[in-house]
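Understanding the architecture of this molecule
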Amino acid sequence: MGLKRREFLQRASLALGALGINEAGWWRLQSRYSEALAQTTGRKLAFLVGINEYPDAPLSGCVTDVEMQQELLIHRFGFLPTDILTLTNKQATRENIETAFINHLTNQAKPDDLVLFHFSGYGSRVSKMIDEDEDNELSASNLTFQNTLVPIDGIAPNDRGRAINDVLQETLWLLLCSLSTTKVVTVLDTSYVYPGKNLQGSLRIRSRPSSTTEQINIKEKAIQTQLRDRQNILGEQEIYESQLPGVILNASQESQFATETDCNGLSYGLFTYALTQTLWSTTPVSKLQISFSRAGSSVEQVTGANQQPELKQAKQQKIAQSTEIATITPVTISYQNLLSPSLPPASGVVTSVEDNGKTANLWLGGLPISILDTVKSNSLFTTLPDLDSDPNFRLQIRSRTGLKAKASVIIETNNSSQQSSEQQQEEFQNDENTNQIQKKPQKSPPNSQLLAGSLVREKIRVVPRPMDVMIALDPNMSRIERVDATSGFSAIPQVTVVPNTQAADYVFSRVRETTIAQSPSAPLPSMSQGRYALFSLGQVLIPNSSGEGGEAVKVAVQRLSSQLKTLLAAKILRLTNNEGSTQIKLRANLATVTPEAKSVMRRETFGISDGEKFQTNREEDVGKLGVSDGLLTLPIGSRIQCRLYNDGDRPVYFMLFILDSSGRILVLDPTISNQPGNNAQLSQTGMVISPGDSINMPPVISNSPRDTESFGWRVIGPEGLSEIMILSSHEPFKETIATLDGEVRQVRDDRLIKEVLNPLAVAEAVLRDLQSASQSTIQSTGLSTDDYTLDINSWATLSFVSRVV
């Protein structure tokens, strides 16, 4: 049985009061929870565990993971705060975790309820005896292993005198099977195989060595027996992953490592951040697999083949990693809307209001980490009104630490005038003193006060001018190497050497045996004295950055000068990513032409769903589409094509860039002539799509349907990650096209895809074009800064990441 409406609203009122939301705010926010109730006949329960303070080897991002999940579930998915239980650090003992799971989830969950369990912390492995040999001795052939979750009171790996006190995988499986509902999401941001070191590059690994003892805590065995008896599971009958309810979202595959990192004062698990951030911006019609796939691509761009997140479906075989869009039968799609948001996409939420309504504290968990780093003084956000009569509040950032920001509150009235909260209050009092009648809202109480719980979205993005690429130096290099490298990099414009990896984009280091490539099968340069290269923070070798053996440090740095400009250009282009916040209505379908013609990936701005009350007008039936749980894979030699749709009411100019797996930046020639079958128009400022029209990119250059070479462009390689970016704007890309003039060259046999020879100049021209398109809005805000100030709603960027194999 689901929660009755009256009981639901009573509990929601108490929960909101616990959050500091007063009675004046309840009338606005209760509609959110009523809406969440209407979307499910059951209750929503969550149990979140995060452990940093391990006594032998502390972690630092696990409690942040819990906070990110909690804010997401409350403010995006309609969970009541009182229905979310958290255990962190010293609270998260083995006994407390297992008891809390039973009391909070097993004993409360009903058949139609939604349950989410999250664990962030160390994982490990313990040996499990299958049988014994004739001499009653344990032999390697009689051993198998099972994974464990390490609680705060887990014993040290080298402690032979005590029994293992971990939460065994078998116990977790029994706990999950004890739930009365099949609507279960299990998120495990941990890993189990210890590689003999604590770091992968500059990332901390969330696994620790296996225990040296095989003895299991007697209390752990007892709870397993209790759970088996409760579910009538006989003896030692094994529970298989395929029998578990719902879905399991693993931070990495079985033999890989889950990692966490520190970035400018914020510690977090790479997978949890990517997953929660993606879910902040997802729409109700998006499938869980789509959000998971996007999170996985964000992780793999940092970690390469060392960490590839994995989705496992309950009561089904693991989904094959193939394409991101595939036709799936009705029996396999039941889990895909387990996490369906009840509220619109957002960048974050107002957590509290201070100083008589003049200052707001924000949680910005909906921003990608690279975009979060740009949120500084003068960045502007706006609230999402719950009702048509509510005013918008503009929130001008004053300071930010990690995901938390402090902002000045500005009221935006219907006539577009802006007033501080204090000015609004004074004017209201003056009207009363002069006996002038002011129209009050039809719904009370007065709505001129910003309330905690209000969702916020980006309004003005501030991008530094000039932008630098940040390089950290491997601390394992010698002092003289580091001195020479610092001197060399200081001579290159727009390159800054940072003292630690927390603020770095890349790491300069020697090529070592532990180096990994973007793709598991990609070749690595041979080991040689003095071979230097650039790496990601996860120690992934940047393509074509390794030099010849024996080169001096300064020679290596000078050799990298041109490539650093390309990497900086890619960083700038990625900083335009805004599909989760722009109101431009744009969508794009990516398809393979060869070796098989099929749609493989789709992207759309939230503006499509937001503007139409979460209902899309796309041609495809969304309910019949699904995605794989892995990153889109494209074979070398295949041909791909993209179709762009303008679902808005204004013309849209666009550019298409490809950040290919070899490290180059390519562009769709913006001066190509219009071809039959395309509804885009050619002008001297590039291509533009009329409202309601669409275009193939590149345009078809042959009328023969059998001429596959005339469709799309060819994936050249090498193996690694590739990214396609579609930038669009209501204003033409004049400076970008002018900068490209004469600075491109042919790419093999592709007539319409060209290599950009001056990528940094082109990327900076893109920012100037976007700033030009933002001018009218910027002037209305009164912002004044030497940096690029970009109106989020003046452009849209869609991004497709794929693995080339």
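Everything quoted here is computed from the prediction, not taken from an experiment. (Residues numbered from 1 in each chain as written. Predicted model: local features only at pLDDT ≥ 70, side-chain atom pairs only at ≥ 80, totals over all residues. Heavy atoms only, no water.)

Another aspect to go through is helix 7 (residues 270–281). With 12 residues, helix 7 ought to run about 16 Å at 1.5 Å a step, and its terminal C-alpha atoms sit 17 Å apart, in line with that. Burial of helix 7 is extensive: 11 of the 12 residues sit out of reach of the surface. Along helix 7, the residues that are buried comprise L270, F271, T272, Y273, A274, L275, T276, Q277, T278, L279 and W280. (Helix = DSSP H or I, 4+ residues; strand = E, 2+ residues; numbered from the N terminus. Expected span 1.5 Å × (residues − 1). Buried < 20%, exposed > 50% of the residue type's maximum accessible area, 1.4 Å probe, protein only.)

This brings us to empty space enclosed by the protein. In this structure the tally under the stated criterion is 12 cavities of 30 Å³ or more. Reported here for the largest cavity is a volume of approximately 170 Å³. Contributing to the lining of the largest cavity are 19 residues, with I658, D660, V715, I716 and S722 lying nearest its centre. Going through the elements one at a time, strand 36 (713–714), strand 37 (720–729), strand 39 (750–756) and strand 41 (795–804) are the ones with two or more residues in the lining of the largest cavity. Looking at the lining of the largest cavity residue by residue, the class counts come to 11 nonpolar, four polar and four charged. (1 Å grid on protein atoms, 1.4 Å probe; cavity = no way out; pocket = protein on both sides within 12 Å on 5 of 7 lines; lining within 4 Å. Points joined across faces, edges and corners; volume = space filled by probe spheres on them. Nonpolar A, V, L, I, M, F, W, Y, C, P; charged D, E, K, R; others polar.)

It is worth spelling out the pairing of strand 39 at this point. Of all the seven residues making up strand 39, six are buried; the element is thus mostly covered by neighbouring parts of the structure. The pairing of strand 38 (residues 744–747) with strand 39 spans four bridges and is classified as antiparallel. Note that in strand 39 the partner of V747 across the bridge is D750. (Pairing = 2+ DSSP bridges.)

Turning next to the pattern of salt bridges. Using the criterion set out here, one finds 30 salt bridges in the structure. A salt bridge links E220 to R94; the shortest N-O distance between them is 3.3 Å. Here the residue E220 occupies a position in helix 6 (residues 218–231), and R94 occupies one in helix 4 (residues 94–106), the gap between them amounting to 126 residues. Taking the relative accessible area as the measure of exposure, R94 reaches 4% and is therefore buried. With its nearest N and O atoms 3.0 Å apart, the salt bridge here joins D262 to R204. (Salt bridge = Lys/Arg side-chain N within 4 Å of Asp/Glu carboxyl O.)

Per the counting criterion, the structure on display carries eight aromatic pairs. Above the ring of Y788, the side-chain terminus of R465 is found at 4.0 Å from the ring centroid. It is R587 that lies over the ring of Y645; its NZ or CZ is 4.1 Å from the centre. (Phe/Tyr/Trp six-rings, centres within 6.5 Å; stacked < 30°, edge-to-face > 60°. Lys NZ or Arg CZ within 6 Å of the ring centre and 35° of its normal.)

Between T594 and P595 the backbone carries a cis peptide bond, its omega angle lying at 5°. For P595, the position within the fold is in the loop between strand 26 (586–594) and strand 27 (598–604). Although it is not a glycine, N356 adopts a positive phi angle of roughly 55°. Here N356 shows up in the loop between strand 15 (348–354) and strand 16 (359–363). For N356, a relative accessible area of 70% translates into the label exposed.

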